[in-house]
Amino acid sequence: MIRNFCKYDILTCNVILQSFSGCAMAGIDIIIADDEPHIVRALSFVFERAGYAVETASDGVEVLRKIKETKPRIVFLDLIMPKMTGDEVCRTLKRDERFKDIHIVILTCKGQELDREQSISSGANTFITKPFSPKEVLTMVKIILGNSSA
Amino acid sequence: MKTRFRTSFLFLAVLLLLPACLVSGGTESPVRFLFFPLIAFLSLYFSSRALHLAGLAFTVLFPLMYLFTPPAPIHLTVVFAEIAAFFLCTLVAGFVSGRIRQERFRYDNAIATFHSLSDALNHKNMNLQTALDALSEAHKKLQEFDKTKTEFVSNVSHELRTPLSSIRSYSEILLNYDDIESVTQREFLQTINSESERMSRFVTEVLDLIRIESGKQEISFSSVRSEELLTESEKIIRPMAMEKGLELVLEKTEVLPDVRGERNQLIQVLVNLLNNAVKFTRSGSIKLGARAREGFVEFFVSDTGEGIFPEEQELIFQPFARIAEHGTNRPKGSGLGLSISKGIVEFHGGRIWVDSELGKGSSFFFTVPEATKSTSGFEHSELDMRNPVMVSYRPILVVTHDIVSRRCLRKKLEEVGFHTLGADTAARALDIMGKMRPGLIVTELPEDWEEFEVLIQWAREAGTRILLTTLHIHAGEEPALAVHGYVSKPFDKYEILSLLESYHVQGGPVIIISPDRDESRTLQVILGAAGFDSVLFHDGSSAVAACEASCPSAIFIGSFRKEALEEIFTGIKSSHRSGNVPIYQLLGTTLNRYVTPVTLSPAGRKAEPRSLYKLVGKIEKEFSKGLE
């Protein structure tokens, strides 16, 4: 099922989400958090095409709130976001019993070793360096979701 | 005094031996033979002639005692034996004490050598320490530079990868999915288009910034109408402001003077500021305007946006210092706009700053120097100042600390037909320049580098040249040029070496006199690397003494107070050993092309009498250059 998100407005997204999905609300698969709307849009397009339920967020605080509400299975976090960095969000989640099983993917721009080391220590599961191929990311998501459901 | 006391004491002791001998066993006692070597030895050991004579007297007198002691007949052989024994002992003792003295001399020598060596070692150690300090300082600076560079590169790569990842994602999506609705297809293509535009804009900005910061722009300044800058930039921004529903007000208050600069760059600054204002203002108005301010035109752009945190107000002019922490959904930019603007404004000789109150809005200001009449002369024929008669009325401003040399120079200049003004400090000179514009400034080194920098800045803006010189009056003669060259900061090894070479300075110790330890250490390291031994002094009097004692091959003088500097010059010039040694003065600042140093020439190294005429000649030449 394809949902038509209004591009940047998260509130409208929620309204649409609720009005369209109804019963499927509980089963959000993926949350994508990035302050670049284009990247969020591209990823969510690909995931939705593959039939996953997707939520989006544009900063660290918002994504935490949404994770608590919807309990997704995968979270994409941009490393540099307003309010809270991807690292901090990741640490918060991994400390919490309820959320520590969520698969966390860090989107990093630099791909530098230092950032990567920091994120590994924060407990992130996977790293993707921008620019990435949406197709490969989708394949990765399929593998992760396939594994965890099996 | 002490030796004499000791000698007489020993002498008494020897004489006392006489009765002691008698008491111990009479004249027959063989104990007396022990005394001869003892006396001989002592006399030689202390190298006392009196003692030696006493010993001899004792030896000769001793047999006489027999004459006065009746029962003991004396044998002549005994007497001879005693005398022989004494001389033998003296001989042996002489040899032994000679050896002892020799050893002691060697020992003293060794000690002296040790001390001098350890002094030299200490000196070397200190030099090494200074070298180490200077090197670690340089290392730290390089590290900082390296860090900024790395950060810059990493920021640039971040800014490039973000749009690149959008472009890549959307193009891949468009290639992989055949059944996308045409509206979505169009949306994705638009994103690709806008993101590629963003990339190319960013690349242009980075190149701009690098070019501006390197200061290697080849831009010719001309006179630009301030109103034109305002209206042009308003035209560019108005559609953006209207789209966002913001009011854009162009405030026109007064007739503005023209500014000196490059038109497109100045418009770029205004557009950057306006662009930010539109981006960060949700509702309200944006004001744009300018006013004349003491030789500058001050432009401003104020908005009714969110405002900027006080601690961020300094940071925002640095590359990539985007304020992302506080605001929500802040619009994105490259983060370079303000640093580019700052670079441009500073290149023009102005400054840029911000006033902001949280929640009420921000006002950005920047200044650009007014176009001076000489630079605008080619464009406005009615203001043509190239008429030499008019220009020659522009006075020469003489700034020297010492009133005698100032008067002397002014008199000489007025004899040649110039108008002159005088000032004793850079601050006073700035006062005068506020009232009237001199055609040329002749100045000595100031006590305050900041004031001097303001002076240079002013001269640069006004297009006036500065002649830098150091005058000194020696022994009541007329003032003369005192130094052979200036070394500006940061120290450049090649500059310093060529300076030394031009005055044929080879080998021999170089004396550095500076109150600033870091400065002198750095210089010492540079000179040391070039093979010049140098000695540091931090105050004038000891340095002057050293100049007299040694024969230095060159002298570097740092920034001292005027009186101290005069004393040093007097000291150096009055010594026949250091009187003709090249003297270089260290500057606390960097010179630009508006400042021309006037120094003693290498040819006149021996002595340059009447060097004031040389200065006057130089002034005439520079002044006529200003007319061209």
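Structure: see above.
Residues numbered from 1 in each chain as written. Chains lettered and ligands numbered in written order. Predicted model: local features only at pLDDT ≥ 70, side-chain atom pairs only at ≥ 80, totals over all residues. Heavy atoms only, no water.

Trainee: Before we go on, may I ask you to explain the overall build of chain B in this structure?
Mentor: Across its full length, chain B carries 18 helices and 19 strands. For chain B, with 628 residues in total, the buried portion stands at 43%. Put simply, of all contacts in chain B between residues at least 6 apart along the chain, 73% involve residues at least 24 apart. As presented, chain B carries roughly 33800 Å² of accessible surface, and 58% of it is formed by carbon and sulfur atoms. (Helix = DSSP H or I, 4+ residues; strand = E, 2+ residues; numbered from the N terminus. Buried < 20%, exposed > 50% of the residue type's maximum accessible area, 1.4 Å probe, protein only. Contact = heavy atoms within 4.5 Å. Areas by Shrake-Rupley, 256 points an atom, 1.4 Å probe, with all protein chains shown as cover.)

Trainee: Hey, could you run me through the side chain of Ser165(B) in this one?
Mentor: Structurally, Ser165(B) is set in helix H4 (residues 76-176). Discounting residues that sit within four places of it in the chain, Ser165(B) has contacts with Ile39(A), Lys130(A), Pro131(A) and Phe132(A).

Trainee: I tried to follow the sheet that holds strand E4 (residues 103-108) of chain A on my own but got confused; where do I start?
Mentor: Hydrogen bonds between backbone groups are what pair the strands of a sheet, and the pairing can be parallel or antiparallel. All names here are of chain A. Judged by pairing direction, the sheet is parallel, and its five strands sit side by side in the order E2-E1-E3-E4-E5 without closing on themselves. Pairing within the sheet leaves two strands with one partner each, and these edge strands are strand E2 (54-57) and strand E5 (126-129). Going across the sheet, the axis of each strand differs from the next one's by a mean of 20°, ignoring polarity. Taken strand by strand, helix H2 (residues 37-49) contacts strand E1 (30-33), E2, strand E3 (74-78) and E4, and its axis lies near 175° from that of E2. (Pairing = 2+ DSSP bridges. Axes fitted to C-alpha atoms, helices over the stretch in contact; angles between N-to-C directions.)

Trainee: It is not clear to me how the interface of chain B and chain A should be interpreted in this structure. Could you clarify?
Mentor: By a widely used convention, the size of an interface equals the accessible area lost when the partners come together. With 28 residues of chain B in contact, the opposing surface of chain A contributes 25 residues. Of all residues in chain B, His158(B), Arg161(B) and Tyr177(B) give up the largest surface area on contact with chain A, accounting jointly for 20% of the area buried on that side. Here chain B and chain A share three salt bridges between them. Viewed at the interface, chain A and chain B are joined by 10 residue pairs in polar contact (both at pLDDT 80 or more). For the side of chain B that touches chain A, the elements supplying multiple residues, two or more each, are H4 and helix H5 (182-214) of chain B. (Buried area = accessible area lost by both parts, 1.4 Å probe. Salt bridge = Lys/Arg side-chain N within 4 Å of Asp/Glu carboxyl O. Polar contact = N/O pair within 3.5 Å; in protein donor to acceptor, adjacent residues only side chain to side chain.)

Trainee: Would you mind showing me how to read helix H14 (residues 493-502) of chain B here?
Mentor: Owing to its 3.6 residues per turn, the α-helix aligns residues three or four sequence positions apart on the same side. All names here are of chain B. Within the sequence span of H14, burial applies to Ile496, Leu499 and Leu500. Buried residues in H14, looked at end-on, bunch into an arc of 95°, giving them a common side. Seen from the buried face of H14, the exposed residues on the opposite side, beyond 90 degrees, are Tyr494 and Glu501. By the N-cap criterion, in which a side-chain oxygen at the helix start approaches the backbone nitrogen of a residue two or three places on, H14 is capped by Asp492, the distance to Tyr494 being 3.2 Å. (Arc of directions from axis to C-beta.)

Trainee: Got a minute to help me understand the sheet that holds strand E4 (residues 285-293) of chain B in this structure?
Mentor: Residues and elements named next belong to chain B. Strands sit in the order E2-E4-E5-E7-E6 across an open sheet of five strands; the sheet is mixed. At either margin of the open sheet sits one strand with a lone partner, and together these are strand E2 (247-250) and strand E6 (352-357). Looking at each pair of strands side by side, their axes are set apart by 15° on average, direction ignored. Summarising the sheet, E4 and strand E5 (residues 296-303) pair through eight bridges and their orientation is antiparallel. Within E5, the position partnered with Ala290 by the bridge is Phe299. Together, E2, E4 and E5 form the strand contacts of helix H6 (residues 226-243), whose direction differs from that of E2 by roughly 175°.

Trainee: Explain the pairing of strand E15 (residues 510-513) of chain B to me, please; I cannot follow it from the model alone.
Mentor: On any regular strand, side chains alternate: one points to one face of the sheet, the next to the other face. All names here are of chain B. Residues Val510 and Ile512 line one face of E15 and the alternating positions Ile511 and Ile513 line the opposite face, and both faces are buried. Of the strand pairs in this sheet, E15 and strand E16 (residues 534-537) are connected by four bridges, and their pairing is parallel. Looking at E16, one finds that Ile512 is bridged to Leu536. Between E15 and its parallel partner E16, the chain crosses via helix H15 (residues 517-529), and the hand of that crossover is right-handed. Pairing of E15 with strand E17 (residues 554-557), which is carried by four bridges, proceeds in the parallel orientation. Note that in E17 the partner of Ile511 across the bridge is Ile555. (Right-handed = clockwise from strand over helix to strand, strands pointing away.)

Trainee: For this particular structure, what's the right way to read the packing of aromatic side chains?
Mentor: What describes a pair of aromatic rings is the distance from one ring centre to the other and the angle between the planes of the rings. Here the structure, examined in full by the defined rule, presents nine aromatic pairs over all chains. Relative to Phe188(B), the ring of Phe45(A) lies with its centre 4.9 Å away and its plane at 80°, an arrangement referred to as edge-to-face. Placement of the pair is Phe45(A) in helix H2 and Phe188(B) in helix H5, with the two residues belonging to separate chains. Each member of the pair, Phe45(A) as well as Phe188(B), is classed as buried. Relative to Tyr584(B), the ring of Phe556(B) has its centre 5.1 Å away and its plane inclined at 35°; by these criteria the two rings are tilted. With a gap of 28 residues between them, Phe556(B) in strand E17 and Tyr584(B) in strand E18 (residues 583-586) connect regions that are remote in the sequence. Classification of Phe556(B) by relative accessible area gives buried; the value is 0%. Three or more aromatic residues joined by ring pairs make a cluster, and in this case those are Phe45(A), Tyr170(B), Tyr177(B) and Phe188(B). Above the face of the Trp353(B) ring, Arg351(B) is positioned so that its terminal group lies 4.1 Å from the ring centre. (Phe/Tyr/Trp six-rings, centres within 6.5 Å; stacked < 30°, edge-to-face > 60°. Lys NZ or Arg CZ within 6 Å of the ring centre and 35° of its normal.)

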